[in-house]
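Here is how the chains run, residue by residue.
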Amino acid sequence: KCAIEPSAMVSDACISYGTVNKLNDEIYSLLQGLTHETDFFSYYRLNLFNKECPFWNDANSMCGNIACSVNTIESEEDIPPIWRAEELSKLEGPKAKHPPRKVQAERPKERPLQGKLGEGVGESCVVEYDDECDDRDYCVPEDEGSAGKGDYVSLVDNPERFTGYSGAGAHMVWDAIYRENCFMKTIADQLEDQSLNAPIGGLQAFSDFRDVIQKEARLEGLPLDNECLEKRVFHRLISGMHASISTHLCWDYLNQTTGQWHPNMQCFKERLYDHPERISNMYFNYALVSRAVAKLRKHLQSYTFCTSDPEQDADTKERVNQLAEILSRPPQIFDENLMFQDPSAVVLKEDFRNRFRNVSRLMDCVGCDKCRLWGKVQVNGYGTALKVLFEYDETKNGENPPMRRTELVALINTLGRISHSLAAARSFHEAIEAGEEYP
Ligand code: FAD
């Protein structure tokens, strides 16, 4: 039985929920420890505040999010400001907390720096390639198009949970993300889109053009339908990420009337339990990301974790290696080699990558600080997983694309998030099936 998606082709990652749950039980604490207890994985550098939404104007975006969501919750006027959506979506503490800078002073002489970090930059001795945009990237590097290098944010101090961000702004972002999935549309559809963008008067030319293209496509035996494995993978990835975010906000939910935080069963029922395919997509993402971490096993064995404290760095490395080792054990739960195999693979892959980059750019349209933070972390995490799956060759050294520190941090935190979602979804399921009620 293929439990990831009963009707799916085996190639999508066909493995039972039970197998994945068992694996998750094994790595859960290890992963939560890595993401919550180590400096390396709990600080993330990103440009959270200085980038504008590149797809629609800011005024529109602002109206859609904080302001509107506050207005739409009628009882908000009656509750302390700290529980209002606007407050909830803010980051905790100083927004750009830098990890301790004692590094430089305490660094033993025999541990040479690996990169040109410049004076006073002691946060890591890992070479960061943030200035370079590699065309094999699936995400837009965080500092693209902005002057600064971004801020450090503590992921531990700013947990992903209910923020109250909703309404038109949030929907606009989700809609735009799902629209990116239209890339493998029929040739006719793509032409239809072109006609929408074409100047009025160009329609006749368009329809002539369509006839020619369709004829050519038929002659070459090209598919005119819009279903292909890669398109489904893209959709499942986005839907799985959406489902994971929903699971967290339902799990760590604020009852704005009582002021209590607790799991919200109704929220889970409506958003996930009643849509089993969304849960299936979460499992799919788990399989995909954990395979990427497994594929990095060798790379991680020689990776230098360099925060400030050699003891902690050794401990971080040991935990990461243990994680990658467990994830490398059979059965392999995702087979990336089945994708991008047909003759149009090069174009398809390029398209897939560009679509995903657009999803990454869309994160600047998210109008709530915490949601944007976690949206960016997770999109970068999935982007990194895709890069590892489709651009890395484990057997080659030196020819693989560079791996930024932020990518590795995002990858492990994203796996940590899905792992937590799976555990939360299981608890919700068990409670629902046992007829229990959460407060
Ligand atoms: P939404 O979740 O907004 O969904 C919109 C529509 O998409 C639904 O009506 C449904 O048709 C479809 N849909 C829903 N789920 C799926 C799925 N898994 N697969 C396919 N289709 C689906 N809110 C928080 O409280 N905390 C956060 O940390 C947070 N992070 C966010 C990050 C991003 C990037 C975005 C865009 C939003 C975030 N939000 C967060 C807002 C949250 O995701 C919802 O938009 C909000 O709670 C309103 O939910 P909704 O019920 O209106 O449906």
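Residues numbered from 1 in each chain as written. Predicted model: local features only at pLDDT ≥ 70, side-chain atom pairs only at ≥ 80, totals over all residues.

Enquirer: Quick rundown of the overall build of the protein chain? Include the residues and the values.
Expert: Regarding its fold elements, the protein chain presents 16 helices and four strands. When burial is assessed residue by residue, the protein chain has 38% of its 439 residues classed as buried. In the protein chain, 80% of the contacts between residues at least 6 apart in sequence involve partners at least 24 apart. (Helix = DSSP H or I, 4+ residues; strand = E, 2+ residues; numbered from the N terminus. Buried ≥ 20, exposed ≤ 12 C-beta atoms within 10 Å, placed from the backbone. Contact = placed C-beta atoms within 7 Å.)

Enquirer: Would you mind going over the site of the ligand in detail, with residue names and values included?
Expert: Neighbouring the ligand are 21 residues; Ser166, Ala170, Ser239, Cys371 and Gly375 lie closest to it. Of all the elements in the fold, those that place two or more residues in the shell around the ligand are helix 6 (168–179), helix 9 (229–251) and helix 15 (369–391). Residues belonging to the shell around the ligand are distributed by class as follows: eleven nonpolar, seven polar and three charged. (Near = placed C-beta within 6 Å. Nonpolar A, V, L, I, M, F, W, Y, C, P; charged D, E, K, R; others polar.)

Enquirer: Give a description of the UniProt feature "binding site: FAD" (unreviewed entry) in the protein chain that names residues and reports values.
Expert: When the UniProt feature table is mapped to this numbering, "binding site: FAD" (unreviewed entry) covers Arg161, Thr163, Trp174, Ser239, His242 and Arg271. With respect to the helices and strands, Ser239 occurs in helix 9. Of the residues examined, Ser239 has 21 C-beta atoms within 10 Å and is grouped as buried. Residue contacts for Ser239: discarding those within four places in its chain leaves Arg278 and Asn281. (UniProt positions renumbered as here; feature names shortened; annotations may be inferred.)

Enquirer: Break down helix 1 (residues 17–37) for me, with residues and values.
Expert: Relative to the 30 Å expected for 21 residues at 1.5 Å per residue, helix 1 spans 28 Å between its end C-alpha atoms, a close match to the ideal helical length. Of all the bends found along helix 1, the most pronounced is centred on Ile27 and spans about 45°. The set of residues buried in helix 1 consists of Val20, Leu23, Asn24, Leu31, Leu34 and Thr35. (Expected span 1.5 Å × (residues − 1). Bend = angle between axes of the 7 residues up to and from the residue.)

Enquirer: Outline the UniProt feature "active site" (unreviewed entry) in the protein chain, supporting the account with residue identities and numerical values.
Expert: The UniProt feature table records "active site" (unreviewed entry) at Cys368 and Cys371. For Cys368, the location among the structural elements is in the loop between helix 14 (345–362) and helix 15. Residue classification places Cys368 among the buried positions, given that 23 C-beta atoms sit within 10 Å. Of note, Cys371 is situated in helix 15. Looking at Cys371, the number of C-beta atoms within 10 Å reads 22, which means it is buried.

Enquirer: So what's going on with the environment of Ser360? Residues and values would help.
Expert: As for its placement among the helices and strands, Ser360 is situated in helix 14. Classification of Ser360 by C-beta neighbours within 10 Å gives buried; the count is 22. Considered as a pair, Ser360 and Glu52 are 308 residues apart in the sequence and their alpha carbons are 13 Å apart.

Enquirer: How would you sum up unusual backbone geometry? Please name residues and give values.
Expert: Between Pro330 and the following residue, Pro331, the backbone shows a cis peptide bond with an omega angle of 5°. Within the secondary structure layout, Pro331 lies in the loop between helix 13 (310–328) and helix 14.

Enquirer: So what's going on with the packing of helix 10 (residues 265–273) against helix 16 (residues 405–433)? Residues and values would help.
Expert: Remark: helix 10 packs on helix 16, axes separated minimally by 11 Å, with the N-to-C direction vectors making an angle of 105°. Taken together, the axes of helix 10 and helix 16 lie roughly perpendicular to each other. Judged by residue contacts, Met265, Phe268, Lys269, Leu272 and Tyr273 of helix 10 engage Ala425, Phe428, Ala431 and Ile432 from helix 16. Here the residues of the contact of helix 10 with helix 16 are counted per class, giving eight nonpolar, no polar and one charged. (Axes fitted to C-alpha atoms, helices over the stretch in contact; angles between N-to-C directions. Parallel < 35°, antiparallel > 145°, perpendicular 65-115°, else oblique.)

Enquirer: Could you give an account of the pairing of strand 1 (residues 43–46), with specific residues and numbers?
Expert: Alternating residues of strand 1 divide into Tyr43 and Arg45 and Tyr44 and Leu46, and every residue in both groups is buried. Alignment of strand 1 against strand 2 (residues 151–154), held across four bridges, turns out to be antiparallel. Bridged to Tyr43 within strand 2 is Ser154. (Pairing = 2+ DSSP bridges.)

Enquirer: Give me the nonpolar core: which residues, what numbers.
Expert: Judged by nonpolar contacts, the single largest core of 88 residues is most densely connected at Ala292, Val293 and Ala385. Among the elements that take part in this core, helix 11 (residues 276–295) stands out by supplying eleven residues, more than any other. Apart from the residues lying within four places of it in its own chain, the contact partners of Val293 are Leu323, Ala324, Leu327, Leu411 and Leu415. (Core = buried A, V, L, I, M, F, W, Y, C linked by C-beta atoms within 7 Å.)

Enquirer: Hey, could you go over the environment of Gly33 for me, with residue numbers and the actual values?
Expert: Topologically, Gly33 is positioned in helix 1. Classification of Gly33 by C-beta neighbours within 10 Å gives partly exposed; the count is 16. Taking C-alpha positions, Gly33 is 20 Å from Ala292, a pair spaced 259 residues apart along the chain.

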